[in-house]
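# A closer look at the structure
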Amino acid sequence: MKIANSLKTLKSRHKACKVVRRKGRLYVINKENPRYKARQG
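The name given to the chain in an unreviewed UniProt entry is Large ribosomal subunit protein bL36, with Candidatus Finniella inopinata as the source organism. Recorded in UniProt for the chain, the comment headed Sequence similarities (unreviewed entry) runs: "Belongs to the bacterial ribosomal protein bL36 family."

Below, the structure is given as structure tokens:
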């Protein structure tokens with residue numbers, strides 16, 4: 001999992017990426033290819 005300041009660029013790496021908010025944190029998740037997982041902060 002990558003930890004980044006901005007998730008906007010990480011979301012655009014793959015078409016299946018989605019930005020999700022969980023427990024006050026922002027996550028990028030990708031069901032097709034889990035190596036694109038990321039968290040903000």
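Attention now goes to the sheet that holds strand S1 (residues 2-4). The strand order S1-S4-S3-S2 describes an open sheet built from four strands, whose pairing is mixed. If you trace the sheet from one side to the other, it starts and ends with S1 and strand S2 (18-22), each paired once. Across the sheet, the axes of successive neighbouring strands diverge by a mean angle of 25°, strand direction being ignored. Judged from the three bridges that link them, S1 and strand S4 (residues 38-40) form a sheet pairing that is parallel. Each residue of the ladder has a partner; that of isoleucine 3, found in S4, is arginine 39.

The rules behind the values
Residues numbered from 1 in each chain as written. Predicted model: local features only at pLDDT ≥ 70, side-chain atom pairs only at ≥ 80, totals over all residues. Heavy atoms only, no water. UniProt positions renumbered as here; feature names shortened; annotations may be inferred. Pairing = 2+ DSSP bridges. Helix = DSSP H or I, 4+ residues; strand = E, 2+ residues; numbered from the N terminus. Axes fitted to C-alpha atoms, helices over the stretch in contact; angles between N-to-C directions.

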